[in-house]
2 protein chains.
Amino acid sequence: MELIPLGTSSASIVRDRGLTAYVLRNQGKVFLFDCGEGTQFRLLKAGVRRSRIRAVFITHLHADHYFGLFGLLISMSLERRKSPLMIIAPRELSDILQSFSGLRPADLPFKIEHIPLEEGLEFQEVYMADGIQVSARPLVHGRFCMGYRVERADQVHRIDGALAASLGITAKEQFQRLAAGQSVRTSGGQVVAPDQVRKKSGAVFAYVTDTSPCPGGLELARNADLLVHEATFGQERADRARETGHSTASDAALTARNAGAGRLLLTHFSARYKDLSVLEKEAKAIFLNTEIAEEYQAYPITSRKDMPQTDPAA
Amino acid sequence: MELIPLGTSSASIVRDRGLTAYVLRNQGKVFLFDCGEGTQFRLLKAGVRRSRIRAVFITHLHADHYFGLFGLLISMSLERRKSPLMIIAPRELSDILQSFSGLRPADLPFKIEHIPLEEGLEFQEVYMADGIQVSARPLVHGRFCMGYRVERADQVHRIDGALAASLGITAKEQFQRLAAGQSVRTSGGQVVAPDQVRKKSGAVFAYVTDTSPCPGGLELARNADLLVHEATFGQERADRARETGHSTASDAALTARNAGAGRLLLTHFSARYKDLSVLEKEAKAIFLNTEIAEEYQAYPITSRKDMPQTDPAA
């Protein structure tokens, strides 16, 4: 798997950064995470063929995360796409698409399969095909917003027995529930989530934006090999980050550290930061393996087989 | 006045041309003609402040001509715009804006004054402020589509008496009707339109896209100092142009010649034309003062006071 950032700015547009969009490529298939205005042009520039896109995952319905979807769908229509397109997004998106002539089901030569996400959901498996499985968890952003976690489908339900035992999981029934994706409570009263005890045998990607630090973000990021996390502000604007449902670079780094992530890419930068090294430096003081997400650069997502499953400091 | 093309491609997106959008600048005020996806980024690149935009003129509701409007409105909202924005566009646009949370009247800190254009209109004055007057006429594009003509407001109703007399206009009542913007029939049975006999004292800009050759396009272009006319195809694809409601470079040049325009800018190029010189050459054989519209170049629009009012060959 590899990840290509296409847009790393927050909502206020700037000349040299694009609005939010990420390409995840796995075995020749393409998955798009968010789709801000201009994404289809950025796909062209990155040399990513839109016909390869199998699914689009939208985190939330703020303009900078989905206004590029309409034009992308029109371009798919103009090129007479036949294969269905999955769109994972809040339910309201269907009503919006319905309001456009050209984007209604009868207007399109291909089928849109919208997996509608409902406000209030705690955990949902939203995609299982093409060798990957994607799950969603809620973030904290004022508006209903989801983060996503991508894993190889063949490894999702394998539980690391030794790791589970070390956390107090002893009964067979507990193992079975964990393997089915449910949390269990140990005899000691501790809640253990499946993500905490999964056998690590392939690369994991976590996508956490837009959000204040929250449990959903932490769970999505757990043991991820690559964590893309928003860092709209630096710590000097922590108040502003809280008011607007965003994270600072320090917040992102703490989540990476506490979740035992392998590598952190910061993104979704406020227009106020011309020089991003200040954000990188702030995060690195907490989590060393941090980088600024560079648009059009391909980041390989590789498994850390020899890494510990959880950060002992967490 | 000056014109800055921001996007000169037709609907199929390409790497090196943008979707349709034009900036008209007059005395520090900005008017936008069409607003394809990505226009707000192109405004930034061109150094045109969106706060200066007074009105947006949309020709028709095909994606490549208006999908950039949504993001532009959001950006105006984020920067707390206060002054109203006029939008001249088909009526259906209001319903589309209404479907977006964030773009409804109650969501915006400024007022959108939508001048709704109704299918079937023949001629409409759509804007008179800021020293310009803009009129609309229908084009022929399958879907309801308007072209626009921009004139200095102080000169719109002045009739050139000598020119009118030469066309057989003699009665005072005929002059009055022409001055009021109505066509008249001469005693010889000829119909004379107001645009044919206007006194020429300032620059005129005409914007004709998307369309097959048609009377509306010709009237809009009459004596225009600068005519922007679509040339989606070359003459070798004339059949395709007719089928899709578009023009060839030859069509555009014939309209320019027959209308007595001063200068022709070709635009709205099909993705099939990598080298546009073939379209330029084709048009120049019919109308010499033809150029390919270059994105981000400023074209001054100046009056040709010494030019004849109509082309004798027309």
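Residues numbered from 1 in each chain as written. Chains lettered and ligands numbered in written order. Predicted model: local features only at pLDDT ≥ 70, side-chain atom pairs only at ≥ 80, totals over all residues. Heavy atoms only, no water.

Provide a residue-level description of the side chain of His229 of chain B, including the pertinent values.
One can find His229 of chain B in strand E13 (residues 226-230). The residues touching His229 of chain B, leaving out its near neighbours within four places in the chain, are Val208, Thr211, Ser247, Ala252, Thr255, Leu264, Leu265, Leu266 and Thr267 of chain B. (Helix = DSSP H or I, 4+ residues; strand = E, 2+ residues; numbered from the N terminus. Contact = heavy atoms within 4.5 Å.)

Quick rundown of the interface of chain A and chain B? Include the residues and the values.
Size of an interface: often given as the accessible area lost when the parts come together. Tallying the contact residues gives 31 residues for chain A and 31 residues for chain B. Summed over both sides, the interface between chain A and chain B buries roughly 2,500 Å², with carbon and sulfur atoms accounting for 63% of that surface. Of all residues in chain A, Ile13, Glu37 and Phe41 of chain A give up the largest surface area on contact with chain B, accounting jointly for 27% of the area buried on that side. At the boundary of chain A and chain B, one finds zero salt bridges. Linking chain A with chain B are seven residue pairs in polar contact (both at pLDDT 80 or more). Of the residues in the side of chain A that touches chain B, the class split is 15 nonpolar, nine polar and seven charged. (Buried area = accessible area lost by both parts, 1.4 Å probe. Salt bridge = Lys/Arg side-chain N within 4 Å of Asp/Glu carboxyl O. Polar contact = N/O pair within 3.5 Å; in protein donor to acceptor, adjacent residues only side chain to side chain. Nonpolar A, V, L, I, M, F, W, Y, C, P; charged D, E, K, R; others polar.)

Residues and numbers for the relation of the copies chain A and chain B, please.
Two copies of the chain are present, and they differ by a rotation about an axis and a shift along that axis. Superposing chain A onto chain B takes a rotation of 180 degrees combined with a translation of 0.0 Å along the rotation axis, leaving an RMSD of 0.1 Å. The transformation relating the two chain copies, once decomposed into turn and shift, fits a two-fold axis. Distance from the rotation axis, computed per C-alpha, reaches its smallest value in chain A at Gly38 of chain A: 2.7 Å. Interface overlap between copies: 100% of the residues of chain A at the interface are likewise at the interface in chain B, consistent with a symmetric, same-surface contact. (Least-squares fit on C-alpha atoms with pLDDT ≥ 70 in both.)

Give me the lowdown on the sheet that holds strand E7 (residues 124-129) of chain B, citing residues and values where you can.
All names here are of chain B. The seven strands lie next to each other as E7-E8-E9-E12-E13-E14-E15, forming an open sheet whose pairing is mixed. Two strands in the sheet have a free side with no partner beyond their single neighbour: E7 and strand E15 (290-292). Along the sheet, successive strands turn relative to each other by an average axial angle of 20 degrees, direction set aside. Looking at chain direction, strand E9 (residues 146-152) and strand E12 (residues 204-208) are connected through four bridges and run antiparallel. Looking at E12, one finds that Arg149 is bridged to Ala206. Its contacts with the sheet place helix H10 (residues 277-284) against strand E14 (263-267) and E15, and it is angled at close to 170 degrees to E15. (Pairing = 2+ DSSP bridges. Axes fitted to C-alpha atoms, helices over the stretch in contact; angles between N-to-C directions.)

Account for the pairing of E9 of chain B, with residues named and values stated.
Both faces of the sheet carry side chains from a regular strand, because those side chains alternate between them. All names here are of chain B. The buried fraction of E9 amounts to six of the seven residues, a majority that puts the element mostly inside the structure. Across seven bridges, strand E8 (residues 132-138) lies against E9 in antiparallel orientation. Note on E9: the bridge partner recorded for Pro138 is Met146. (Buried < 20%, exposed > 50% of the residue type's maximum accessible area, 1.4 Å probe, protein only.)

I'd love a proper account of the state of the cysteines, names of residues and values included.
Residue and element names in this part refer to chain A. In total, this model carries zero disulfides over all chains according to the counting rule given. The thiol sulfur of Cys35 is not disulfide-bonded, and the nearest other cysteine sulfur, from Cys145, lies at 16 Å. You can call Cys35 buried: its relative accessible area is 0%. Cys214 takes part in no disulfide bond, and the closest cysteine sulfur to it belongs to Cys145, at a distance of 8.7 Å. (Disulfide = S-S within 2.5 Å.)

Please give an account of helix H10 (residues 277-284) of chain A that cites residues and values.
Residue and element names in this part refer to chain A. For H10, the full list of buried residues reads Leu279, Glu282 and Ala283. Here the buried residues of H10 occupy an arc of 95 degrees about the axis, which is enough to place them on one side. Looking at the buried side of H10, the elements it contacts are helix H9 (249-259), strand E14 (263-267) and strand E15 (290-292). (Arc of directions from axis to C-beta.)

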